[in-house]
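Take a look at the letters that make up each chain.
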Amino acid sequence: MKKIIIFIVSVFLFAACEKPQEAMLKLSTNTLQLTIGEMDVLEVEPNDAGVEWTSSDANVATVSDGIVEAIGVGCATIRATLGKASAECQVYVIGSKGETLSLTPELVSLKKGATYQYTYTSTYDVPLEWTSSNPEVASVDTNGKVTAKKGGNTIITLSNGLESVSSRVAVEHTWGEYSLVWSDEFDGASLNMNNWTIEVNGSGGGNQEKQYYTDRPENIRIENGNLIIEARKEEYNNRQYTSGRINSRDKRYFKYGKIEARIWMPAGGGTWPAFWTMGNDYKRVGWPKCGEIDIIEHVGNQPRMASFATHTPDKNGTKGNNWSARAYMDGLEEQYHVYGIEWLEDDFNGMDRVYFTIDGEQMAMTQEPYEHVDQNTYWPFNKEHFIILNLAIGGKMGGTVDDNIFNSPVQMKVDWVRVYQREEK
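From a predicted model like this one, the values you see are computed outputs, not experimental measurements. In every chain, residue numbers begin from 1 and rise along the written sequence. Per-residue local features are limited, in this predicted model, to residues with pLDDT of at least 70; the limit for side-chain atom pairs, both in listing and counting, is 80 or more; totals at the level of whole chains, interfaces and linings are taken over all residues. Think of the side-chain values as coming from all heavy atoms in the structure, minus any hydrogens and water.

K.L.:
Quick question: what am I supposed to make of the environment of R252 here?
P.N.:
By the element assignment, R252 lies in the loop between β25 (245-247) and β26 (253-254). For every residue, the accessible area obtained with a 1.4 Å probe (protein chains only) is divided by the maximum for its type, and the residue is called buried under 20%, exposed over 50%, and partly exposed between those limits. A relative accessible area of 29% places R252 in the partly exposed class. Separated by 70 residues in the primary sequence, R252 and W182 place their C-alpha atoms 8.4 Å from one another. Polar contact criterion, stated in full: a pair of N or O atoms within 3.5 Å, where within protein one must be able to donate a hydrogen and the other to accept it, and residues adjacent in sequence count only if both atoms are side-chain atoms. There is a polar contact of 2.7 Å between the side chain of R252 and the side chain of N195. Secondary structure elements are defined from DSSP: runs of H or I of at least 4 residues count as helices, runs of E of at least 2 residues count as strands, and each element is numbered from the N terminus.

K.L.:
What should I look at first to understand the pairing of strand β31 (residues 324-328) in this one?
P.N.:
Across the two faces of β31 the burial differs, with A325 and A327 buried and S324, R326 and Y328 not buried at all. Inspection of the sheet shows strand β30 (residues 305-311) paired to β31 by five bridges, in the antiparallel sense. Note that in β31 the partner of F308 across the bridge is A325. Following DSSP output, two strands are said to pair if at least two bridges run between them.

K.L.:
Got a minute to help me understand the sheet that holds strand β11 (residues 107-110) in this structure?
P.N.:
Two strands in a sheet stick together by hydrogen bonds in their backbones, pointing the same way (parallel) or opposite ways (antiparallel). Ordered in space as β11-β18-β17-β14, the four strands form an open sheet in which the pairing is mixed. Each having just a single partner strand, β11 and β14 (129-132) make up the two edges of the open sheet. For this sheet, the mean inter-axis angle between neighbouring strands, taken without regard to orientation, is 20°. Here strand β17 (residues 152-159) pairs with strand β18 (residues 164-171) via eight bridges, running antiparallel. Within the sheet, the bridge partner assigned to S159 lies in β18 and is S164. Each axis is a line fitted through C-alpha atoms, taken for helices only over the stretch in contact, and angles between the N-to-C directions span 0 to 180 degrees.

K.L.:
I keep staring at the pattern of salt bridges and nothing clicks. Help me out?
P.N.:
By definition here, a salt bridge exists when the distance from a side-chain nitrogen of Lys or Arg to a carboxyl oxygen of Asp or Glu is within 4 Å. The final tally for this structure, using the stated rule, is 16 salt bridges. For the salt bridge of K112 with E424, the shortest nitrogen-to-oxygen distance reads 3.8 Å. In this pair, K112 is assigned in the loop between β11 and β12 (115-117) and E424 in the segment after β36 (410-421), connecting sequence segments 312 residues apart. Given a relative accessible area of 31%, K112 falls into the partly exposed group. You can call E424 partly exposed: its relative accessible area is 32%. In this structure, E230 and R232 form a salt bridge, with 3.4 Å as the shortest nitrogen-oxygen distance. One salt-bridge network, in which partners are shared between bridges, spans R221, E223, E230 and R232.

K.L.:
In this structure, what is going on with the nonpolar core? I would like to understand it.
P.N.:
Note on soluble globular proteins: their nonpolar side chains tend to be buried together. Within this scheme, the nonpolar core is defined by two criteria: the residues are buried Ala, Val, Leu, Ile, Met, Phe, Trp, Tyr or Cys, and they are joined through side-chain atoms within 4.5 Å. If you look at the biggest cluster of nonpolar residues, it comprises 49 residues, and the most contacted ones within it are L227, F275 and L389. Element by element, the count of residues in this core is highest for β36, at five residues. Ignoring anything within four residues of it in the chain, the contact list for F275 reads I259, E260, A261, I263, D294, I295, I296, Y339, I387, I388 and L389. One finds L27, V44, V93 and Y124 within the second-largest nonpolar core, a separate group that totals 26 residues. In what follows, residue pairs with any heavy atoms lying within 4.5 Å of each other are defined as contacts.

K.L.:
So what exactly am I meant to see when it comes to the confidence of the model for the protein chain here?
P.N.:
Should pLDDT be low for a region, the predicted coordinates there are not to be read in detail. Confidence scores per residue from the predictor, reported as pLDDT, run from 0 to 100. Averaged over every residue, the pLDDT of the protein chain is 92; residues scoring 70 or more account for 94%. Counting contacts from residues 1-22, a segment whose pLDDT is below 50, to residues more than four positions away or on other chains yields one contact.

K.L.:
Please explain the sheet that holds strand β3 (residues 39-41) as it appears in this structure.
P.N.:
Across the sheet, three strands lie side by side as β3-β7-β6; this open sheet has antiparallel pairing. Strand pairing shows two members of the sheet lacking a second neighbour, β3 and β6 (61-64), which therefore form its edges. Sheet twist, expressed as the mean angle between neighbouring strand axes with direction ignored, is 20°.

K.L.:
What exactly am I supposed to notice about the packing of aromatic side chains here?
P.N.:
The geometry of an aromatic ring pair is captured by two quantities: the separation of the ring centres and the angle between the planes. Each Phe, Tyr or Trp ring (for Trp, its six-membered ring) is paired with any other whose centre lies within 6.5 Å, and the angle between the two planes then decides the class: stacked below 30 degrees, edge-to-face above 60, tilted in between. Summed over the entire model, instances satisfying the criterion amount to 14 aromatic pairs. Ring centres 5.7 Å apart and planes at 35° place the aromatic pair W182 and F254 in the tilted group. Pair noted here: W182 is in strand β19 (residues 179-184) and F254 is in strand β26, with a separation of 72 residues, a long-range link. On the accessibility criterion, W182 (8% relative accessible area) is buried. Considering the side-chain rings of W264 and Y336, the 5.6 Å spacing of their centres and the 65° angle between planes classify their relative orientation as edge-to-face. Placement of W264 in strand β27 (residues 257-264) and of Y336 in strand β32 (residues 336-348) is noted, with a sequence separation of 72 residues between them. A ring is considered to have a charge above it if a Lys NZ or an Arg CZ atom is located within 6 Å of its centre and within 35 degrees of its normal. Residue placement shows R262 over the ring face of Y336; its charged tip is 4.3 Å from the ring centre. Geometry around W264 places K413 over its ring, the cationic atom sitting 4.5 Å from the centre.

K.L.:
For this particular structure, what's the right way to read the pairing of strand β2 (residues 31-35)?
P.N.:
Every other side chain in a regular strand lies on the same face of the sheet, so the side chains alternate between the two faces. Of the two faces of β2, only one is covered, namely that formed by L32 and L34; the face formed by T31, Q33 and T35 stays uncovered. Relative to strand β9 (residues 85-94), β2 runs parallel, the two being bridged by five bridges. Pairing of L34 across the sheet is with V93, part of β9.

K.L.:
Where do I start with unusual backbone geometry in this structure?
P.N.:
Working note: non-glycine residues mostly have negative phi, and peptide bonds are mostly trans. Look at the link from T104 to P105: it is a cis peptide, with omega at -5°. Residue P288 is reached from W287 by a cis peptide bond, and omega for that bond is 10°. One can find P288 in the loop between α2 (282-285) and β29 (292-298). With a phi angle near 55°, E334 is a residue other than glycine that sits in the positive phi range. When you line up the elements, E334 lands in the loop between β31 and β32.

Below, the structure written as structure tokens:
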């Protein structure tokens, strides 16, 4: 009996010497990201009315019964305390436009091999991550130092895990000399069908044109080393005029370089000859998503005028907002001139440019929009295009037709078409 009493007393004394278990607190999250004016609720386990809530910086975030309200940009620690137990949540607050990071400048242009150190600021003392969308063009280290490797564009992004800021790096290309990559000199007995397709239709080109395009030799033929596209006044398939149009779709198509043709333009009211390109994905995406470059359009009702234009999904003739330019010169009609474009990749601060030329002289220029670099929707000229040659009659641009012009042959003569490209060094 004495042994049992001693055992009970020993157990009691051991239990009395043990420290009581402290309550453990746990919050529903240990980080919050809020925008100024936003609120969120922190839940605590165990849910006890005796929990005390505090904020390390009430100018950044306040807390009441677990309800956190974002006040100003910065970082604050929200703490829940119950006795000696506590739990914390880091609250990061940004402005309505994001104010925790800055990165300058927005654009950096570099030559291959060059380096650049970005200037940046960060509100929070948190790890930063630097990334390059195309490290083969330019890489970036953990301190924001960029190294240019090859021509092209890349986006440098700085992130603190809450928000990100970015800048574009454009690395200059180093090009070699132009080389002829394809041509049609029109020296054979007939049109080379490995290069061209003859269009046959009376659709009016979507421009209310009055001709019917045929594949007859009366309208399309090779003669004396020239492609002859001849318009005629004659009744044909419910049309009063015939003419010709050819394209190189799915046969000869190119991306960047120089595209030129030596052309004799016809004269006379109602003539509308053109030398132009469209994206080779035309059959799949349609116009204007394919893109269109009008290398040269001439209107007989304006004898001295040469017109240049581009059409994109965002800016095109249907919307009436496409880019266009005009040049005026004597002797444009019934003489040979070389019409062309120099279509350059990343030519200026990483933006593509298209230069329009007559006899090698620059007449106009358009460029890729800075805010949409490398986005095909806004600049569908970073892909292959095919070539089109045609002689339209009348229509929205051709205007009133003077039938007296058909007292003599109305012909567009093309001596040759040539494409030049260059390799990067």
